[in-house]
Amino acid sequence: MNSMLGVLARIPLFKLYRKFGWPKMLPINLTLSPSPKCNSRCLTCNIWMKRENELSLDEWDKVLASMGQAPYWFTISGGEPLMFPDIVELAKLAYKHCRPGIINIPTNAILKSGPERVREILETCTDSQVIINLSLDGVGDKHDFIRGIPGNFEKFEERLDQYFALRDEFPNLVVGIHSVVSVFSVGHLDELIAYADQSGADQFITEIAEPRVELDTVGLPITPSPEEYAAAIDRLMAYVTSKQYKGVAKITEAFRIEYYKLVKRILDEQDQAIPCYAGWASAQIYADGTVWPCCVRADDLGNVRDHDYDFKHIWFGDKIKNVRQSIAAKECHCPLANASYTNMLMDVPTLTRVGVKVVKK
């Protein structure tokens, strides 16, 4: 199995790769977006409107085989990933070829078949930690309003209990609650924190709503002001700090505190607060086979269909060089959670602070 110690050992190599272009490294953090189809109608996302010429399972098989055991963290995203007919087989292929330490799947908790599909993944991916994060943007009708689906909150609570039952059966399952902090939800974050605290979930995580090419939200006023976000996130950090965590959760929550501080800095400074490694240590493969450094910029680095499904041809090719130069020159800045956690892992001061917190507690 891909180990965290192995990831830590690669950090100096990624630093060299980012600065000098050598040694060539494949990403440790990879997001797969097999389909944009979604049964939510969120106020903060328009991805459900998209239709793509999606990669087949056989095509995904070839792409993942080309990655080897480089990726440590897989996120299988959407749309609603559990709507993808081959979600179970896709997770199994990622496990077969890459042996990741973590397989992360967010879900809107609407599908009745979701828990059974996750069960099938757990039965095969026994050496990976499987994380299922259920989306929750408000309690009761507030959630249904933001998500655009009447009765979504009731389904959320039903699915949460079902995933808890799976957790009792499979020790490698982590069940979390995930909230998008937007202009629509920033005012009731306290209520969300209180609900998550008594829910029995293993973790409560948030990320800030932001304009993304992937979600078709560029230009939409969905991001709370820096002042609103700072006030809300200070309360969330106080909550996380007040809790006692053990094992992996202890490390995860230390990183989470650093992420919330990082977002506050990015919003305030309007700049990359720490170096971004999207395009070096993290990447995304979209439904139609296009490789992106991240889903915010969504730069077209090439399509796997045009490169014999070999990810390396794109990652080590010429087209990516200009994008990397742009990112290194800080021509973009964003608080994208998925990329930010990789960036923090590569940042020695952040890593040191996390280490000190873990040892002290």
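This report concerns the structure included in the present document. (Residues numbered from 1 in each chain as written. Predicted model: local features only at pLDDT ≥ 70, side-chain atom pairs only at ≥ 80, totals over all residues. Heavy atoms only, no water.)

Right, let's talk about the overall build of the chain for a bit. When you go through the chain residue by residue, the secondary structure sums to 13 helices and eight strands. By the compact-globule yardstick of 21 Å for 361 residues, the chain fits well, its C-alpha radius of gyration being 19 Å. Overall, the C-alpha framework of the chain stretches about 50 × 40 × 40 Å when taken along its three principal axes. Residues counted as buried form 58% of the 361 residues belonging to the chain. Put simply, 78% of the contacts in the chain that link residues at least 6 apart link residues at least 24 apart. Surface exposure of the chain reaches about 14,900 Å², of which carbon and sulfur atoms provide 55%. Side chains of the chain carry 41 positive and 46 negative charges; the gap between the two charge centres is 6 Å. (Helix = DSSP H or I, 4+ residues; strand = E, 2+ residues; numbered from the N terminus. Rg over C-alpha atoms; globule rule 2.2 N^0.38 Å. Buried < 20%, exposed > 50% of the residue type's maximum accessible area, 1.4 Å probe, protein only. Contact = heavy atoms within 4.5 Å. Areas by Shrake-Rupley, 256 points an atom, 1.4 Å probe, with all protein chains shown as cover. Lys, Arg positive; Asp, Glu negative; His and termini not counted. Charge placed at Lys NZ, Arg CZ, Asp CG, Glu CD.)

Turning our eyes to something else, we now look at the packing of aromatic side chains. One pass over the structure, following the stated rule, counts nine aromatic pairs. With centroids separated by 5.7 Å and ring planes inclined at 55 degrees, the aromatic side chains of Tyr259 and Tyr260 adopt a geometry described as tilted. Given a relative accessible area of 0%, Tyr259 falls into the buried group. For Tyr260, a relative accessible area of 0% translates into the label buried. One aromatic cluster in this structure is built from Phe153, Phe156 and Tyr195. (Phe/Tyr/Trp six-rings, centres within 6.5 Å; stacked < 30°, edge-to-face > 60°.)

For the structure on display, the rule yields 20 salt bridges. Note that Glu54 is salt-bridged to Lys37, the shortest N-O span being 2.8 Å. Here the residue Glu54 occupies a position in the loop between strand E1 (29–32) and helix H2 (57–65), and Lys37 occupies one in the loop between E1 and H2, the gap between them amounting to 17 residues. Overall, Lys37 belongs to the partly exposed group, its relative accessible area being 31%. The partner of Glu269 in a salt bridge is Arg265, with the nearest N and O atoms 3.2 Å apart. Here Arg265 and Glu269 lie together in helix H9 (residues 247–269), a separation of four residues that amounts to about one turn. Bridged by salt links that share partners, the residues Glu116, Arg119 and Glu169 form one connected network. (Salt bridge = Lys/Arg side-chain N within 4 Å of Asp/Glu carboxyl O.)

A word on the environment of Lys330. Note that Lys330 resides in the loop between helix H11 (319–328) and helix H12 (337–346). With a relative accessible area of 43%, Lys330 lands in the partly exposed category. Sequence separation of Lys330 and Gly101 is 229 residues, and the distance between their C-alpha atoms is 30 Å. Aside from chain neighbours lying at most four places away, what touches Lys330 is Asp271 and Gln272.

Spatial relationships are all this shows, so hold off on functional conclusions.
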